[in-house]
Amino acid sequence: MATNTFTRWSVIASGEGGGRVASQFFERAENPGIDERILVMNTNRSDLRNTIDRLEEHIGPSDDEDQLMGNHAIEFGSQAGAGNFFPNGEACAREDIDRIVNNISNLAGNTDAFMHIATLGGGTGNGSIPYIIDQFKNGLPDAVDENVEDWMGSVIHAAFGIWPYYYEQPQRHFNAVCGLSRLLRTGNERQNADMVLLASNSHLEDSDSEGDDQYGSINNAIIRAIDLMIGAGRETRSVIDIKDYVTIPSQMDTYHFTPAVSTGLDGSVFELEYMLEKASENAYVPMDVETTQAAYAIVRAPEAMIDNDEISEPDVYDAFRDWTSSHGLNVAGQASLTPKRGRGSDVDVLLLLGGFSLDPLLDHSWDDFEMLGESLSGSGSGKSKLTRAELDRIVSNLEEYADHNIGK
Ligand SMILES: Nc1nc2c(ncn2[C@@H]2O[C@H](COP(=O)(O)OP(=O)(O)OP(=O)(O)O)[C@@H](O)[C@H]2O)c(=O)[nH]1
Ligand SMILES: [Mg+2]
């Protein structure tokens, strides 16, 4: 294989909200870096309807819905829903893990990186995605053949978790806290996802959006961040890519991130440092920038600006250094410049801010989480039971992780 091959991503979404975000990729003519490697999973077929409709719009109506489903959508579990209780979502995935793994391998065999997407307030996506990542990384079903196992050993798993609106019912917040913990740490207290990206619905909410398009602007913001992140691994001139983003933060045990984005500022008018500052004011979760422990800056500018030397990679490094020092940050980090097609002078900035204190986010959910923990541990039945011991481990995993991620 050529060594200059760009990173090949696959998008795996589970649950309704995650599926809605991922299925937007089907609407586009092109998905550089992802192509057709998109899989949407749910525990019942009617919730996959939206995905199938988008697929049909994209590639034309299909007589063979089963085949369409087979390639890009999976229904899993025998419960037809997870009842907003994450252990059910996990149990459904466990029932069908062989089929899920095979489907993912067929779709995405020899991919370099996964972007898993789930809402954290629900039961299906939030229950299944952390479990699936853990299976891929730490324990595959015996049925999987060796080649697949080799490939899976080196693949990177990034996970995008979407936090519920603050006003949502306590069980959503209970799920969210558990989901964050399970994305970060396995039941054996090991690192689970290689990188956990977070976005908060209430924090991203655009007061203009209402009605049907309740999630529209939020999902667009999420897609924008994913595009910028994936774009960096495709076209950047210096080599900075997902492997660079995950290695050091994992060593430091600070691998949760949030995107912070500014788009469309005129690069012939504004200084780069100002654009970085604007981006950092638009983090996707509530956070204190001063507590950041790792940061990556990805600046995307029109090719013509780069060719004319109106913006260069050293300019980006300098601006990044100035921005970090203006916040008193001495962080692990890197900056890169990536070209986009077209003329004009609109410049986009993605800052991936990592290792920040999780308190401002968790403060919105912790009381609900504690209140429900008492009643929900021991609940459920059979394979979907949440035992007290499991819940205690979920709590201690998160506390242990968050304790050394409280900033300075
Ligand atoms: N940003 C965003 N959030 C969503 C979207 N759809 C649902 N949510 C949020 O996700 C949570 C509900 O999760 P769902 O995705 O519906 O749940 P699920 O994974 O299908 O699991 P179940 O609870 O079993 O249905 C709530 O907190 C919603 O606010 C979406 O399209 N975008
Ligand atoms: Mg659902």
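What counts and how
- Residues numbered from 1 in each chain as written.
- Chains lettered and ligands numbered in written order.
- Predicted model: local features only at pLDDT ≥ 70, side-chain atom pairs only at ≥ 80, totals over all residues.
- Heavy atoms only, no water.
- Near = heavy atom within 4 Å.
- Polar contact = N/O pair within 3.5 Å; in protein donor to acceptor, adjacent residues only side chain to side chain.
- Areas by Shrake-Rupley, 256 points an atom, 1.4 Å probe, with all protein chains shown as cover.
- Helix = DSSP H or I, 4+ residues; strand = E, 2+ residues; numbered from the N terminus.
- Nonpolar A, V, L, I, M, F, W, Y, C, P; charged D, E, K, R; others polar.
- Salt bridge = Lys/Arg side-chain N within 4 Å of Asp/Glu carboxyl O.
- Axes fitted to C-alpha atoms, helices over the stretch in contact; angles between N-to-C directions.
- Parallel < 35°, antiparallel > 145°, perpendicular 65-115°, else oblique.
- Contact = heavy atoms within 4.5 Å.
- Phe/Tyr/Trp six-rings, centres within 6.5 Å; stacked < 30°, edge-to-face > 60°.
- Buried < 20%, exposed > 50% of the residue type's maximum accessible area, 1.4 Å probe, protein only.
- Core = buried A, V, L, I, M, F, W, Y, C linked by side-chain atoms within 4.5 Å.
- Domains from an automatic or database assignment.
- Buried area = accessible area lost by both parts, 1.4 Å probe.
- Patch = residues over 30% accessible without salt bridge, like charges linked within 9 Å, V, L, I, M, F, W, Y side chains within 5 Å.
- Lys, Arg positive; Asp, Glu negative; His and termini not counted.
- Charge placed at Lys NZ, Arg CZ, Asp CG, Glu CD.

Moving on: the site of ligand 1. Among the 20 residues in the neighbourhood of ligand 1, the closest are listed as G17, T119, T124, E168 and N219. The contact in question runs from an oxygen atom of ligand 1 to an N or O atom on the backbone of G123, over 2.8 Å. In this structure, a nitrogen atom belonging to ligand 1 sits 2.8 Å away from a side-chain N or O atom of N201. In isolation ligand 1 offers 640 Å² of accessible surface; the protein chains occlude 92% of this area. Mapped by element, the contributors of at least two residues to the shell around ligand 1 are α1 (16–23), α6 (124–138) and α10 (216–235). Per element, the largest residue contribution to the shell around ligand 1 is three residues, and it comes from α1. In terms of residue class, the shell around ligand 1 is made up of six nonpolar, ten polar and four charged.

Before going further, it helps to spend a moment on the pattern of salt bridges. Going through the model one piece at a time under the given rule, you end up with 19 salt bridges. A salt bridge links R321 to D318; the shortest N-O distance between them is 2.7 Å. Of this pair, R321 and D318 both sit in helix α14 (residues 313–326), separated by three residues, roughly a single helical turn. Each member of the salt-bridge network shares a partner with another, and the members are E90, R94 and R182.

Our next topic: the packing of helix α8 (residues 170–184) against helix α16 (residues 366–376). Between α8 and α16, the shortest axis-to-axis distance is 8 Å and the interhelical angle comes to 95°. The angle between the axes of α8 and α16 places the two elements in the roughly perpendicular class. Packed against α8, whose contacting residues are P170, Q171, H173, F174, V177 and C178, the element α16 presents W366, D368, F369, M371, L372, G373 and L376 at the interface. Split into classes, the residues belonging to the contact of α8 with α16 amount to nine nonpolar, three polar and one charged.

Right, let's get into the packing of aromatic side chains. Here the distance between the centres and the angle between the planes together describe a pair of aromatic rings. Summed over all chains, the structure comprises twelve aromatic pairs. Pairing Y165 with Y167 gives two aromatic rings, centres 5.1 Å apart and planes at 15°, and the pair type is stacked. Plain terms: the ring middles of W366 and F369 are 5.0 Å apart, the flat faces sit at 45° to each other, and that makes the pair tilted. Here W366 pairs with F369, and both are found in helix α16, just three residues apart, close to one helical turn. What makes F369 buried here is its relative accessible area of 4%. By the ring-pair criterion, three or more aromatic residues cluster together here, those being F85, F86, F174, W366 and F369.

This next bit is on the nonpolar core. Ranked by size, the top nonpolar core spans 82 residues in total, and within it I132, F174, L180, W323 and L351 carry the most contacts. No other element matches the seven residues that α8 contributes to this core. Built from parts of two domains, this core gets at least three residues from each of domain 1 (9–237 + 360–403) and domain 2 (259–358). Non-local contacts of F174, meaning those with residues more than four positions away in its chain, are made with F86, F369, L372, G373, L376, L386 and L391. Judged by nonpolar contacts, the second largest core, of 49 residues, contains I52, I156, M195 and L197.

Assigned domains within the chain: domain 1 (9–237 + 360–403) and domain 2 (259–358). Between the C-alpha centres of domain 1 and domain 2 the distance comes to 28 Å. Listed by partner, the interface residues are 27 residues for domain 1 and 25 residues for domain 2. Summed over both partners, the interface of domain 1 with domain 2 buries about 2,200 Å², with 69% contributed by carbon and sulfur atoms.

On to a negative patch on the surface, then. A surface patch of negative charge is lined by D359, D363, D367, E370, E399 and D403. Broken down by secondary-structure element, the contributors of at least two residues to the negative patch are α16 and α17 (388–403). Note that D403 resides in helix α17.

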